[in-house]
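Structure at a glance
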Amino acid sequence: MSEDRPSRWTFLTHHARVLVEIARNPEIRLRDIAAAIGITERAVQGIVRDLYEAGYLHRDKIGRRNRYSLNLDQAFRYPTEAGVPVKVLIDIFSRHDMSGPGAE
């Protein structure tokens, strides 16, 4: 990797980022998630389907919109984190949101 161009890897997967965005706003539109994390709306649709099928979230149709609720007790999938609920991840970013710019 060139010193001129920094590496573009990140710690969180797109699945984790989608979950965090839904936790921040349960009525968020898929296009808004896509814009926030920099992936296509189609990719977000697939990720939401994955999270739904794995039991991490539920969808309720309200008119033409969806409202999401998270199953925060659902554990991470990777063996080294198995048994740790996703609530831990959501709590980290909830605390960040409360102490970040614009927080009182």
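For the structure itself, look to the data block above.
Right, let's walk through the structure included here. Just so you know, the residues in each chain are numbered from 1, in the order the chain's sequence is written. Where totals are concerned, whole chains, interfaces and linings use all residues; where local detail is concerned, this predicted model gives features only for residues with pLDDT of at least 70, and gives and counts side-chain atom pairs only at 80 or more. Here the side-chain values reflect all heavy atoms present in the structure, with hydrogen atoms and water set aside.

1. Examining a nonpolar patch on the surface
Patch construction takes residues with relative accessible area above 30% that form no salt bridge. Like charges are linked within 9 Å, and nonpolar side chains (Val, Leu, Ile, Met, Phe, Trp, Tyr) are linked within 5 Å. Working definition of accessibility: Shrake-Rupley area with a 1.4 Å probe, residue cover restricted to the visible protein chains. A carboxyl oxygen of Asp or Glu within 4 Å of a side-chain nitrogen of Lys or Arg is what we treat as a salt bridge. A cluster of nonpolar side chains, namely Val 84, Val 88 and Ile 92, defines an oily patch on the protein surface of about 210 Å² accessible area. Strands here mean DSSP runs of E at least two residues long; helices mean DSSP runs of H or I at least four residues long; both are numbered from the N terminus. Tracing the backbone through its elements, the reader meets Ile 92 in helix H4 (residues 87-99).

2. Describing the nonpolar core
Residues grouped as a nonpolar core are buried Ala, Val, Leu, Ile, Met, Phe, Trp, Tyr and Cys residues, joined through side-chain atoms within 4.5 Å. Summary of the burial criterion: residues with accessible area below 20% of their type's maximum are buried, those above 50% are exposed, and those between are partly exposed, where the area comes from a 1.4 Å probe applied to protein chains only. Counting 21 residues, the largest nonpolar core has Val 18, Ile 22, Ile 33, Val 44, Val 48 and Leu 51 as the members making the most contacts within it. The set of elements that each furnish at least two residues to this core consists of helix H1 (14-24), helix H2 (30-37), helix H3 (41-53) and H4. For this core, the leading source of residues is H1, giving five residues.

3. Some details on the packing of aromatic side chains
Each pair of aromatic rings taken from Phe, Tyr and Trp, with Trp reduced to its six-membered ring, is defined by centres within 6.5 Å and is described as stacked if the planes are under 30 degrees apart, edge-to-face if over 60, and tilted in the remaining cases. Under the defined criterion, the tally for this structure stands at one aromatic pair. Judged by centre distance (4.9 Å) and plane angle (75°), the rings of Trp 9 and Phe 11 are edge-to-face. For the pair formed by Trp 9 and Phe 11, the shared burial category is exposed. A ring is considered to have a charge above it if a Lys NZ or an Arg CZ atom is located within 6 Å of its centre and within 35 degrees of its normal. The cationic tip of Arg 59 hangs over the ring face of Tyr 52; the distance from NZ or CZ to the ring centre is 4.3 Å.

4. Remarks on the pairing of strand S2 (residues 65-70)
Moving residue by residue along a regular strand, the side chains alternate between the two faces of the sheet. Should DSSP find at least two bridges between two strands, the strands are taken to pair. Pairing of strand S1 (residues 57-62) with S2 involves six bridges; the strand directions are antiparallel. Each residue of the ladder has a partner; that of Asp 60, found in S2, is Arg 67. The hairpin turn running from S1 into S2, its antiparallel successor, is two residues long, and Gly 63 in that turn takes a positive phi close to 65°.

5. Examining H2
Listing the buried residues of H2 in full gives Leu 30, Ile 33, Ala 34 and Ile 37. Buried positions in H2, seen along its axis, are confined to an arc of 100° and lie on one side of it. Along H2, exposed side chains directed more than 90 degrees from the buried face belong to Ala 35 and Ala 36. Here, residues are in contact when the closest pair of their heavy atoms is within 4.5 Å. Buried-residue contacts for H2 involve H1, H3 and S2. The reported arc concerns the directions from the helix axis to the C-beta atoms and nothing else.

6. Notes on the packing of H1 against H3
The convention used is that axes are lines fitted to C-alpha atoms, helices contributing only their stretch in contact, and that angles between N-to-C directions extend from 0 to 180 degrees. In contact at an axis separation of 10 Å, H1 and H3 are set at 80° when each is read in the N-to-C sense. On the basis of their axis angle, the class for H1 and H3 is roughly perpendicular. Contact with H1, carried on its side by His 14, His 15, Val 18, Leu 19 and Ile 22, involves Ile 47, Val 48, Asp 50 and Leu 51 of H3 and no other residues of that element. Amino acid classes used here: Ala, Val, Leu, Ile, Met, Phe, Trp, Tyr, Cys and Pro are nonpolar; Asp, Glu, Lys and Arg are charged; the rest, including Gly, are polar. When grouped by side-chain class, the residues that make up the contact of H1 with H3 number six nonpolar, two polar and one charged. Throughout, the term roughly parallel applies to angles under 35 degrees, roughly antiparallel to angles over 145, roughly perpendicular to angles from 65 to 115, and oblique to all others.

7. Remarks on the packing of H2 against H3
Their axes nearest at 8 Å, the elements H2 and H3 cross at an angle of 110°. As the angle between them shows, H2 and H3 are arranged roughly perpendicular. Between H2, through Leu 30, Arg 31, Ile 33 and Ala 34, and H3, the contact on the second element is made entirely by Glu 41, Val 44, Gln 45 and Val 48. Of the residues assigned to the contact of H2 with H3, the class counts are five nonpolar, one polar and two charged.

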